[in-house]
Amino acid sequence: MGIHDAVSRRAAVESVLLDSRTIQRRVCELGAQITRDYAGKFPHLVATLKGASIFLADLVRSIELDLSFDFITVTSYGDATESSGQLRIMKDLDETLELRHVLLVEDIVDTGLTLSYLLRTLGARRPTSLKTVALLNKPSRRKVHVPLDYVGFNIPDFFVVGYGLDYAQRYRNLPDICILRTAAGS
Ligand code: IMP
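The present account deals with the structure reproduced in this document. (Residues numbered from 1 in each chain as written. Predicted model: local features only at pLDDT ≥ 70, side-chain atom pairs only at ≥ 80, totals over all residues. Heavy atoms only, no water.)

### Observations concerning the pattern of salt bridges
Under the convention used in this document: Whenever Lys or Arg places a side-chain nitrogen within 4 Å of a carboxyl oxygen from Asp or Glu, that contact is recorded as a salt bridge. Each helix is a run of DSSP H or I of at least 4 residues and each strand a run of E of at least 2, with the numbering of both proceeding from the N terminus. Categorising residues by exposure relies on relative accessible area from a 1.4 Å probe, with only protein chains included: less than 20% of the type maximum marks a residue as buried, more than 50% marks it as exposed, and the intermediate range marks it as partly exposed.
This model, assessed by the stated rule, comprises eight salt bridges. A salt bridge links D58 to R61; the nearest nitrogen and oxygen atoms lie 2.9 Å apart. One end of the pair, D58, and the other, R61, are both in helix α3 (residues 53–61), three residues apart, so they sit about a helical turn from each other. Judged by its relative accessible area of 17%, D58 is buried.

As structure tokens, then:
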């Protein structure tokens, strides 16, 4: 990679909100807590694509239990940065949830509409239990109440990218979680 690519990537982000070491430390804490809470069980983690993929990859490696995981893709009909509440499943799960201890893994909970839709839809598939883990939570933006069982970080109302989170499909591979310059404070 040329130096210019690195410079222009850095220029797009305003500042680092959470650096990779801080993220790793918190993900390990969440993994340890989940390990304790699900001791003796065989949890099934369901992560939303694409945003939660990197979080899931780190989280499962910090959970010291036998587990399985699956992916689901939900899209909204709204604009790029905010879900409209009109949601549908674009890519469904491969596995059934019946009789499973399901842990829904989200990258970020903003209005709460996506998670609320997923809890309704997946809850109807008769899992034994259904809990949620979100790496990031923006409580000030909430439109609907959603139960969050595990939260990595509560953050202010910034549009953030990196560690799986995108803006127009870019920046997912940044190791830190950064505030996007053009959309900061949106
Ligand atoms: P919600 O339905 O409003 O809670 O939004 C959840 C989805 O919106 C997330 O899974 C992200 O795809 C997207 N989103 C919300 N806030 C951000 C952000 O700050 N950066 C990147 N994506 C975001």
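### Some remarks on the sheet that holds strand β9 (residues 177–180)
To be explicit about the condition: Any two strands are treated as partners once DSSP identifies two or more bridges connecting them.
Pairing is antiparallel in the open sheet, where three strands are placed in the order β1-β9-β8. Edge strands, defined here as strands with exactly one partner in the open sheet, are β1 (13–18) and β8 (160–161). Pairing geometry for β8 and β9, over two bridges, is antiparallel. From the neighbouring strand, V161 faces β9, where its bridge partner is C178.

### Description of the side chain of D70
As a reminder of what qualifies: For this analysis, residues touch if any pair of their heavy atoms sits within 4.5 Å.
Position of D70 among the secondary structure elements: in strand β3 (residues 68–76). Excluding residues that lie within four positions of it along the chain, D70 makes contacts with H44, L45, V46, A47, K91, L93, D94 and E95.

### Quick notes on helix α2 (residues 20–37)
Keep this limit in mind: Each helix should span, by expectation, one fewer than its residue count multiplied by 1.5 Å. Each C-beta atom gives one direction from the helix axis, and the arc is the one those directions make.
Between its first and last C-alpha, α2 extends 26 Å over 18 residues, near the 26 Å set by a 1.5 Å rise per residue. Within α2 the residues assigned to the buried category are I23, V27, L30, G31, I34 and T35. For α2, the buried positions fall inside an angular range of 140° around the axis, keeping them on one side. Summarising the geometry of α2, the exposed residues directed more than 90 degrees from the buried face are R21 and R36.

### What to know about the packing of aromatic side chains
What counts is decided by this rule: Ring pairs shown here join Phe, Tyr and Trp side chains whose ring centres sit within 6.5 Å, with only the six-membered ring taken for Trp; geometry is labelled stacked below 30 degrees between planes, edge-to-face above 60, and tilted in between.
With the rule as written, the count across this model stands at two aromatic pairs. Aromatic pair F69 and F71: ring centres 5.8 Å apart, planes at 75°, arrangement edge-to-face. Using a relative accessible area of 42% as the deciding quantity, one classes F69 as partly exposed. Judged by relative accessible area, F71 falls into the partly exposed class, the value being 22%. Measuring from ring centre to ring centre gives 5.9 Å for F159 and Y167, while their planes differ by 80°; the resulting arrangement is edge-to-face. Judged by its relative accessible area of 12%, F159 falls in the buried class.

### Quick look at the sheet that holds β3
Spelled out, the test is: Interaxial angle, 0 to 180 degrees, is taken between N-to-C directions of lines fitted to C-alpha atoms, where a helix line uses only the stretch in contact.
The strand order across the open sheet formed by six strands is β4-β3-β2-β5-β6-β7, and the pairing between neighbours is mixed. Only two strands of the sheet have a single partner each, and these edge strands are β4 (87–91) and β7 (150–154). Each strand axis lies, on average, 25° off the axis of its neighbour in the sheet, ignoring direction. The pairing of β3 with β4 spans four bridges and is classified as antiparallel. Paired with T73 across the bridge in β4 is K91. In the packing of α3 onto the sheet, the strands contacted are β2 (44–48), β3, β5 (101–109) and β6 (129–137), and the crossing angle to β2 comes to about 155°. Sheet strands in contact with helix α4 (residues 113–123) are β2, β3, β4, β5 and β6, and its direction is about 165° off that of β5.

### Describing the environment of V60
The topology assignment puts V60 in helix α3. A sequence separation of 25 residues divides V60 from T35, and the C-alpha atoms of the two residues are 10.0 Å apart. Among residues more than four places away in sequence, those in contact with V60 are L45, L67 and F69.

### Some thoughts on the nonpolar core
To keep things clear, this is the line we draw: Here, the term nonpolar core denotes a set of buried Ala, Val, Leu, Ile, Met, Phe, Trp, Tyr and Cys residues that are joined through side-chain atoms within 4.5 Å.
Residues L45, F55, L59, V105 and L136 are the most contacted members of the largest nonpolar core, which totals 29 residues. Of all the secondary-structure elements, those providing two or more residues to this core are α2, β2, α3, β5, β6, β7 and β9. Counting 16 residues, the second-largest nonpolar core is a separate cluster that includes L97, L104, Y117 and L122.

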